[in-house]
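Take a look at the letters that make up each chain.
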Amino acid sequence: MTDQPWLNASFDQRKLAKQLFFIPKQARNKLLPNRSHSIWDALTLKLPTITSSRISTVTALSAFFSHEPAITSLENQFDTLRKLPLPNADIIHRLQRYSRDAWMNGVQSVCYAHLSGESTPFPLWVITWWDSVLRHLQSVDKPWQHIHTWLTNTRQNHSNHNLRMEADIAYHQLQSVSFMMVKEGFTDRLPIHSLWRLLGNNWMNDTVVDTLLEVLKMTVETDDGMTARYIVCGTKVTQKLVDIFTDTEGVKVDAPAAYNRCQWLHNIGEDIFRNGKELVTVAHLGKLPYKGEKDGMDHWVPLVVNGKGAEFLYGDSLCEEKRRVMPPRLWSAYTQWKEMHTWQSFSVNQLPITEQNDSFSCGVFAFNAVEVYVRLFEVELLRSSEAACLRLQMVTKVIDICKRMGTDESASSSSEPSEILLGHLQTTSSKLCPPPPENGLLLTPLHPL
Amino acid sequence: MSEEDQHSTQPEIKDEDANAPINVKVVSSTGDEVFFKIKRSTKLSKLQGAYAAKVGKDVGSIRFLYDGSRISETDTPASLDMEDNDTIDVMVEQVGGCH
């Protein structure tokens, strides 16, 4: 017997272990949310709680395994499994890693060693199920319970009719799709439940900001004129430029060589600085302190690089005087990028943006600022109080696109793609959607952009 | 690379090119490099999981980019037309809202 016999497992042993640790379909259907569940359905499913690490005292992983054969009449045990609290998260992670070695050492079942008096030997796949439940509770249940409360309160907001209406539409949109539906049409292809940071008072992450920028990109791509003028890029452009051209000490010596290895960035640079296109993006100031500050801040800002007009357009929703100037490291990264393609000097000018008077809406306002820049005659700058409205509109719009793209991929449609896209992208930040029909599906009328 | 991928001798290889392994370099924002050998038909999500485990981070907190585009769960080296010795950029999740 070795410490890590799994490392020496044969192909057949690995294949067998895969079967034993795989949650059977019947159990999966009974014990986990499935594809037929909307996000709201998934929240109502009864799942076990997690034992607090302060309460749980068992740390010997071997105590969770038994050489006894597992019980076979499992159907009667589903209710029991739903009720019994799981070990704490740390133990579940460790058990996952240790379980194959334990199986190689001859164990046949799993038991709830963290619960005194509970010694039923369950099948080995229960370890996998614990991990699935834990991941669901952490990445779906917990954030969406908060969103559900927020949406419910917003739907009952009698002082703001527009907001209430948007909340109703978003609620029904979320009800109409599986919480596991893939974000078809978006590059990350993550499940729809990953959008939780788009709603409530949550801080947005790069995935959500990139999703919003991709919606804007789709709008641009429906119009030849806009396509010829704008390049909408995700948050990674700035992140990569900063990595290539700067460090905390200043300018990197090997930056040109690193840049030349990055062909995709080089192509965008040519389009902007040689062909006069305009880059539209949102940047994160995590590693980009303002002048006189030591550290950056977890903050989203809009940024436009106008190649034809030779200017950087920069905004900051915090609107303090010192934030009217680009952070030095951000300016340095973009200026060095420019100098890889042209020696023309670029000015830095203000990009209009809504002033933020809360602690969570910079992502919304940064996106709105670049959307207004691209769609000046269709979209207006939000008022400070309208951030929630845009969040709701965007989640509705994203699901609309996913539904359409998913349908397009599964069934070959005879419709012109551009017409479909126009229909779903017409709703602008400042214009309200009509209320949803009874089935919760939203259809927006087609108008020329 | 996951343990499963290390078993590169599949009994039924239908498409030799699709299963031919390639070398992929994963580079972090600090310049650290990790090398993987992966079959062209293997989902890159396995590589992502293996990388996250190696650097001790949650895979959800890391972004993997190939040629400037984010790699999704279902992408494979073949679907992205990756070639031997290609590079994947790793970036950390960014979250912002302000104070």
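Just so it is clear, the model here is predicted, and its values are computed rather than measured.

Q: Can you lay out the pattern of salt bridges for me, pointing to particular residues and giving the numbers?
A: Residue and element names in this part refer to chain A. Counted according to the given criterion, the structure contains 19 salt bridges over all chains. When the shortest N-O distance is used, the salt bridge between D168 and R155 registers 2.6 Å. Pair noted here: D168 is in helix α7 (residues 161-175) and R155 is in helix α6 (residues 125-155), with a separation of 13 residues, a long-range link. Its relative accessible area of 24% is what places D168 among the partly exposed residues.

Q: Please provide a residue-by-residue account of the interface of chain B and chain A, values included.
A: Taken together, the contact between chain B and chain A spans 21 residues of the former and 33 residues of the latter. Approximately 2500 Å² of surface area, both sides summed, lies buried where chain B meets chain A, with 52% of it carried by carbon and sulfur atoms. Ranking the residues of chain B by area buried against chain A places R70, Q94 and C98 of chain B at the top, with a combined share of 26%. There are 2 salt bridges connecting chain B and chain A. A salt bridge links D206 of chain A to R63 of chain B; its shortest N-O distance comes to 2.8 Å. Elements supplying a minimum of two residues to the side of chain B that touches chain A: α1 (3-6), β3 (62-66), β5 (86-92) and β6 (95-96) of chain B.

Q: Please give an account of the confidence of the model for chain B that cites residues and values.
A: Residues and elements named next belong to chain B. Overall, the predicted model of chain B reaches an average pLDDT of 84, with 81% of residues at or above 70. Mean pLDDT across the elements of chain B ranges from a minimum in α1, with 44, to a maximum in β3, with 96. In the predicted assembly, ipTM is 0.82 and pTM is 0.85.

Q: Kindly report on helix α13 (residues 328-339) of chain A, identifying the contributing residues and their values.
A: All names here are of chain A. Compared with an ideal rise of 1.5 Å per residue, which puts 12 residues at 16 Å, α13 spans 16 Å between its outermost C-alpha atoms and is within 8% of the ideal. Most of α13 sits out of view: 9 of its 12 residues are buried. When α13 is considered as a whole, its buried residues turn out to be R329, L330, S332, A333, Y334, T335, Q336, W337 and K338.

Q: Run through the UniProt feature "domain: Ubiquitin-like" (unreviewed entry) in chain B, naming residues and quoting values.
A: Under the UniProt annotation, "domain: Ubiquitin-like" (unreviewed entry) lies at residues 20-97 of chain B. Within residues 20-97 of chain B, the helical portion is 15% and the strand portion 38%, while the C-alpha atoms at the span's ends are 45 Å from each other.

Q: Would you mind going over the nonpolar core in detail, with residue names and values included?
A: Generally speaking, a soluble globular protein has its nonpolar side chains buried in company with each other. Residues and elements named next belong to chain A. The biggest cluster of nonpolar side chains holds 62 residues, and the ones touching the most others in it are W40, W144, L151 and V280. Considering each element in turn, this core owes the most residues, 11 residues, to helix α15 (residues 387-410). Lining this core are residues from two domains, each supplying at least three of them: domain 1 (5-140) and domain 2 (205-384 + 409-422).

Q: Mind laying out the sheet that holds strand β1 (residues 21-27) of chain B, listing which residues take part and the relevant values?
A: All names here are of chain B. Pairing in this open sheet of 5 strands is mixed, and the strands run β2-β1-β5-β3-β4 from one edge to the other. Edge positions in the open sheet fall to β2 (33-39) and β4 (69-70), since each of these has one partner strand only. Pairing analysis gives 7 bridges linking β1 to β2, with the strands arranged antiparallel. The residue bridging N23 from the neighbouring strand is K37, located in β2.

Q: Tell me about the packing of aromatic side chains, and please be specific about residues and values.
A: Residue and element names in this part refer to chain A. What the rule picks out here adds up to 15 aromatic pairs over all chains. Between F64 and W130, the ring centres sit 6.2 Å apart and the planes meet at 85°, which makes this aromatic pair edge-to-face. Here W130 lies in helix α6 and F64 lies in the loop between α3 (39-44) and β1 (65-66), a separation of 66 residues in the sequence. Here the two residues F64 and W130 agree in accessibility, since each one is buried. The ring of W6 has R14 sitting right over it, with the charged end atom 4.8 Å from the ring centre. A cation over a ring is seen here: K183 above F186, with NZ or CZ 5.4 Å from the ring centre.

Q: Can you break down the sheet that holds strand β10 (residues 347-350) of chain A residue by residue, with the values?
A: Residue and element names in this part refer to chain A. Taking strand neighbours across the sheet as the criterion, the 5 strands line up as β4-β7-β8-β9-β10 in an open arrangement whose pairing is mixed. In this open sheet, the two edge strands, each paired with only one partner strand, are β4 (230-232) and β10. Here the average twist between neighbouring strands, direction ignored, is 25°. Note: β4 against strand β7 (residues 278-284), 3 bridges, orientation parallel.

Q: If you had to explain the pairing of β5 of chain B to someone new, which residues and values would you point to?
A: All names here are of chain B. The element β5 is largely enclosed, with a buried count of 5 among its 7 residues. Both β1 and β5 contribute to a ladder of 4 bridges, which runs parallel. Among the inter-strand pairings, V26 is bridged to a residue of β5, identified as I88.

Q: Give a detailed account of helix α3 (residues 44-55) of chain B, specifying residues and quantitative values.
A: The α-helix advances 3.6 residues per turn, and as a result positions three or four apart in sequence lie on the same side. All names here are of chain B. Over its 12 residues, α3 extends 17 Å from the first C-alpha to the last, a length consistent with the 16 Å expected when each residue adds 1.5 Å. Taken together, the buried positions of α3 are occupied by L44, L47, Q48, A50, Y51 and A52. Where α3 is buried, its residues meet β1, β2, β3 and β5. Just downstream of α3, G56 is the residue with a positive phi angle, here 70°.

Q: Can you explain the environment of V325 of chain A? Please cite residues and give values.
A: Residue and element names in this part refer to chain A. Looking at where V325 falls in the secondary structure, it is placed in the loop between β9 (311-314) and α13. Classification of V325 by relative accessible area gives exposed; the value is 54%. Measuring from C-alpha to C-alpha, the distance between V325 and Q350 comes to 8.3 Å, with 25 residues separating the pair along the chain. Sequence-distant contacts of V325, that is, excluding residues within four places in its chain, are made with Y290 and Y314.

Calculation criteria
- Residues numbered from 1 in each chain as written.
- Chains lettered and ligands numbered in written order.
- Predicted model: local features only at pLDDT ≥ 70, side-chain atom pairs only at ≥ 80, totals over all residues.
- Heavy atoms only, no water.
- Salt bridge = Lys/Arg side-chain N within 4 Å of Asp/Glu carboxyl O.
- Helix = DSSP H or I, 4+ residues; strand = E, 2+ residues; numbered from the N terminus.
- Buried < 20%, exposed > 50% of the residue type's maximum accessible area, 1.4 Å probe, protein only.
- Contact = heavy atoms within 4.5 Å.
- Buried area = accessible area lost by both parts, 1.4 Å probe.
- pLDDT = per-residue confidence, 0-100.
- Expected span 1.5 Å × (residues − 1).
- UniProt positions renumbered as here; feature names shortened; annotations may be inferred.
- Core = buried A, V, L, I, M, F, W, Y, C linked by side-chain atoms within 4.5 Å.
- Domains from an automatic or database assignment.
- Pairing = 2+ DSSP bridges.
- Phe/Tyr/Trp six-rings, centres within 6.5 Å; stacked < 30°, edge-to-face > 60°.
- Lys NZ or Arg CZ within 6 Å of the ring centre and 35° of its normal.
- Axes fitted to C-alpha atoms, helices over the stretch in contact; angles between N-to-C directions.

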